[in-house]
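# Structural features, examined
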Amino acid sequence: MDDDINENYDIPVLDSSENATNTVSTPGDSSAQTSKKRAYLTKSVVWNHFTKEKGPDGIDERAKYNYCKKLFACPSSSGTSSLKRHLDKTCIPYTSRDKSQKLLSFKSVRDGDDVEEWAGVMPWVFDQDRARRELAIFIIKLELPFNIVDKDVFRDFIMVIQPRLKVISRTTIRKELLNIYGEEKLKLKRLIGVCHRVSLTADMWASNQTLAPHGGDVIANVIELCLIDWNISELSTITLDNASNNTVAVRTLVPVLSRKGMLLQEGRFFHVRCAAHVINLIVQDGLNEIKESVDVIRESVKYVRGSQARKQLFEECILQERLSSKRGLCIDVATRWNSPFLMLESALQFESAFTRLQTRDAIFARETPSVVDWKNAKVICRLLKVFYDATKLFSGHKYTTANLYFHEVFAIQEHLLGMAIHEDVSINQMAAKMQSKFDKYWRECNVMLAIAVVLDLRYKLKYLSFMYHLIYATDEAESQVSLVKYEAFKIYDEYVSAHSSRRRRVLQSVERFSEVDSRTSPLGERRISSLQKQFFKMSAEKNDVGPASDLERYLKEENHIDDPKFDILSWWKINSSNCFRVGFQYRW
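On to the overall build of the chain. On a plain count of helices and strands, the chain comes out with 27 helices and 10 strands. When burial is assessed residue by residue, the chain has 38% of its 588 residues classed as buried.

This is the structure we're talking about:
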């Protein structure tokens, strides 16, 4: 039988509705032409790729091709040969597909801890476009140069693993990367479009090229152009390193952006100094006071790693001391402030091996760390560990960090006070130097970071009052608490007056915002300082005063019980309808 006849053969289907007839008509039955039109199951395989649509007159049917969207006449009296011909020979999007038999692929997925899990066997077919895109993503994530695709060794590798992959030039891969950049930028623009206020951050790095001047006015101009490019109309804060050119840039930006109504409180809280950079400056000042002890250990590490023979000799010392050598020695880098801590931490675990090396290597024995140097290193390492943990926490990008600032600052203050009464004079001097720098930047702390703690329902104003009374005299502590409360209400009033009309729209958009990051906080078991534990023991008070506003009601409510895995963003997302304006203020 002809293929067209097979494809055009239709099977009548009885309608089960009340109006449908229960008889199947024959070609000679005249009643079939007067009954309602029956539905038919189309048997031809072409209908897997075409969709039937009504014509402009609403009567004639047309077949719309799912790939190129071309329309074809498809009256019931004609066959599907033209449709099949277009499917197999004419249309490029369909004929370019790989018709070969698919292979089986052992598919695995990675969980949050980057551990592969078995996901089963999946059919796989080679896709040239997808392979090229994955190659571009591979270059992006590993920060490889574009010309890697032109290297002979890379092309040889591709020929081994997949000969069908057409290796492209660096010009083509550059275009692919720009396409990916454009797609991701469009996604971010859409996300920013549903946000109210945006917080910015900027950074600069050294380059081996001769570039244009990068003074404060130039930085301000670049930031303003970026705001226009990204269509950002309202800002919250900008976080910058503690450098003079950044300060000039903020002074230049504030009046310009304030005139456009883009800043809160006319930009009084716009500039936030990078906490990680401030910690860097504090640590560098402190390390200069005990430079000798750090330097002698650093030189010992450099000596051991200076040649393969010394490494082998040191490994023998480690073996004799029955130490684990899985984690080797770390050499610090001048451009990374936290590397002295990592260097000291790695060296301290091999203290006994260094001592044994003195008896095995006469050259090393001439300048080796003394008992006092190792003792100082242990004290320094304990102190630097606090700064290191704080910096690591501040550098997170998958969770909110503004509400964590005060806790880490108070933990640093607690350790500095302990170091100030240490028996070693050099440690006392180091702690005093760091305390002086700490006090300087603490005074310049942005009030918005204190307000972020107030909007953390586990702490609120009670926590600030508790902490301020530990470091300030009573009068000054009360003054600081009053200042934070005053500024919080001013910002709250500004939000209420400007955005109360947007309540319905924002509440309807809550689910859209949940896609940003409403997953479990990656902080895991967050460490709680001794001061925080004291506070939670003292915060069992309840207030019965009837507040007049959402913010007052929020402040008067009992504090939430602290949970190390508490996700503050998820809580505000769920409860923003109960305390709308405060939640709106926190989220943006």
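Having put the structure on the table, let's press on.
Attention shifts here to unusual backbone geometry. Not every positive phi belongs to a glycine, and Glu 266 is a case in point at roughly 55°. With respect to the secondary-structure elements, Glu 266 resides in the loop between helix H9 (244-259) and strand S10 (271-273).

Right, let's talk about the sheet that holds S10 for a bit. Across the sheet, three strands lie side by side as S8-S9-S10; this open sheet has parallel pairing. Only two strands of the sheet have a single partner each, and these edge strands are strand S8 (198-201) and S10. Ignoring which end each strand starts from, the neighbouring axes of this sheet average 25° apart. Across three bridges, strand S9 (residues 235-240) lies against S10 in parallel orientation. Bridge assignment links Thr 239 to a residue of S10, and that residue is Val 272.

A few words on the pattern of salt bridges. The full count for this structure, using the stated rule, is 18 salt bridges. Between Asp 285 and Lys 437 there is a salt bridge; the shortest N-O distance is 3.1 Å. With a gap of 152 residues between them, Asp 285 in helix H10 (residues 275-289) and Lys 437 in helix H18 (residues 425-443) connect regions that are remote in the sequence. Considered together, Asp 285 and Lys 437 belong to a single accessibility category, that of buried residues. Each member of the salt-bridge network shares a partner with another, and the members are Asp 150, Arg 155 and Arg 170.

Evaluated as defined, the whole model comprises 14 aromatic pairs. With a centroid separation of 5.7 Å and an interplanar angle of 40°, the aromatic rings of Phe 354 and Trp 374 are classed as tilted. With Phe 354 in helix H14 (residues 351-360) and Trp 374 in helix H16 (residues 371-394), this residue pair connects regions lying 20 residues apart in the sequence. No difference in accessibility class separates Phe 354 from Trp 374, as the two residues are buried. Look at Phe 406 and Phe 410: their rings are 5.8 Å apart centre to centre, the planes differ by 55°, and that puts the pair in the tilted class. One end of the pair, Phe 406, and the other, Phe 410, are both in helix H17 (residues 405-419), four residues apart, so they sit about a helical turn from each other. Phe 410 matches Phe 406 in its accessibility class, with the two residues each being buried.

The next point concerns the packing of H16 against H18. Between H16 and H18, the least distance of the axes is 11 Å, while the angle of their chain directions is 20°. The orientation of H16 with respect to H18, classified from their angle, is roughly parallel. Remark: the crossing between H16 and H18 carries right-handed chirality. Residues Asn 376, Val 379, Ile 380, Leu 383 and Phe 387 of H16 pack against Ser 426, Ile 427, Met 430 and Met 434 of H18. Counted by class, the contact of H16 with H18 contains seven nonpolar, two polar and no charged residues.

All right, on to the nonpolar core then. Core analysis: the largest hydrophobic core is formed by 83 residues, its most contacted members being Phe 354, Phe 406 and Tyr 468. Element by element, the count of residues in this core is highest for H16, at 11 residues. Leaving out residues up to four positions away in the same chain, Tyr 468 has contacts with Phe 406, Trp 442, Ala 450, Ala 477, Gln 480, Val 481 and Val 484. Of all hydrophobic cores here, the second largest spans 20 residues; its members include Ala 220, Leu 253, Leu 257 and Leu 263.

Locating Ser 346 in the fold gives a position in helix H13 (residues 339-348). Take Ser 346: its relative accessible area is 0%, and that puts it in the buried class. For Ser 346, the contacting residues outside a window of four places in its chain are Gly 328, Leu 329 and Cys 330.

The next subject is the environment of Leu 357. Along the chain, Leu 357 turns up in helix H14. Residues Leu 357 and Glu 316 lie 41 residues apart in sequence; the distance between their C-alpha atoms is 9.2 Å. Once you skip the residues sitting within four places of it in the chain, Leu 357 turns out to touch Val 304, Leu 313, Phe 314, Cys 317 and Phe 364.

Here we come to the packing of helix H5 (residues 128-142) against helix H7 (residues 170-193). Their axes nearest at 9 Å, the elements H5 and H7 cross at an angle of 80°. Looking at the two axes, H5 sits roughly perpendicular to H7. Residues Arg 132, Arg 133, Leu 135, Ala 136, Ile 137, Ile 139 and Ile 140 of H5 pack against Thr 172, Ile 173, Glu 176, Leu 177, Ile 180 and Glu 183 of H7.

Looking now at the pairing of S8. Residues of S8 alternate between two faces, with Val 198 and Leu 200 buried on one and Ser 199 and Thr 201 left unburied on the opposite face. Inspection of the sheet shows S8 paired to S9 by three bridges, in the parallel sense. If you follow Leu 200 over to S9, its bridge partner there is Ile 238.

Conventions adopted
- Residues numbered from 1 in each chain as written.
- Predicted model: local features only at pLDDT ≥ 70, side-chain atom pairs only at ≥ 80, totals over all residues.
- Heavy atoms only, no water.
- Helix = DSSP H or I, 4+ residues; strand = E, 2+ residues; numbered from the N terminus.
- Buried < 20%, exposed > 50% of the residue type's maximum accessible area, 1.4 Å probe, protein only.
- Pairing = 2+ DSSP bridges.
- Axes fitted to C-alpha atoms, helices over the stretch in contact; angles between N-to-C directions.
- Salt bridge = Lys/Arg side-chain N within 4 Å of Asp/Glu carboxyl O.
- Phe/Tyr/Trp six-rings, centres within 6.5 Å; stacked < 30°, edge-to-face > 60°.
- Parallel < 35°, antiparallel > 145°, perpendicular 65-115°, else oblique.
- Left-handed = near helix turned anticlockwise from the far one by under 90°.
- Contact = heavy atoms within 4.5 Å.
- Nonpolar A, V, L, I, M, F, W, Y, C, P; charged D, E, K, R; others polar.
- Core = buried A, V, L, I, M, F, W, Y, C linked by side-chain atoms within 4.5 Å.

Distances and angles like these do not, on their own, reveal function.
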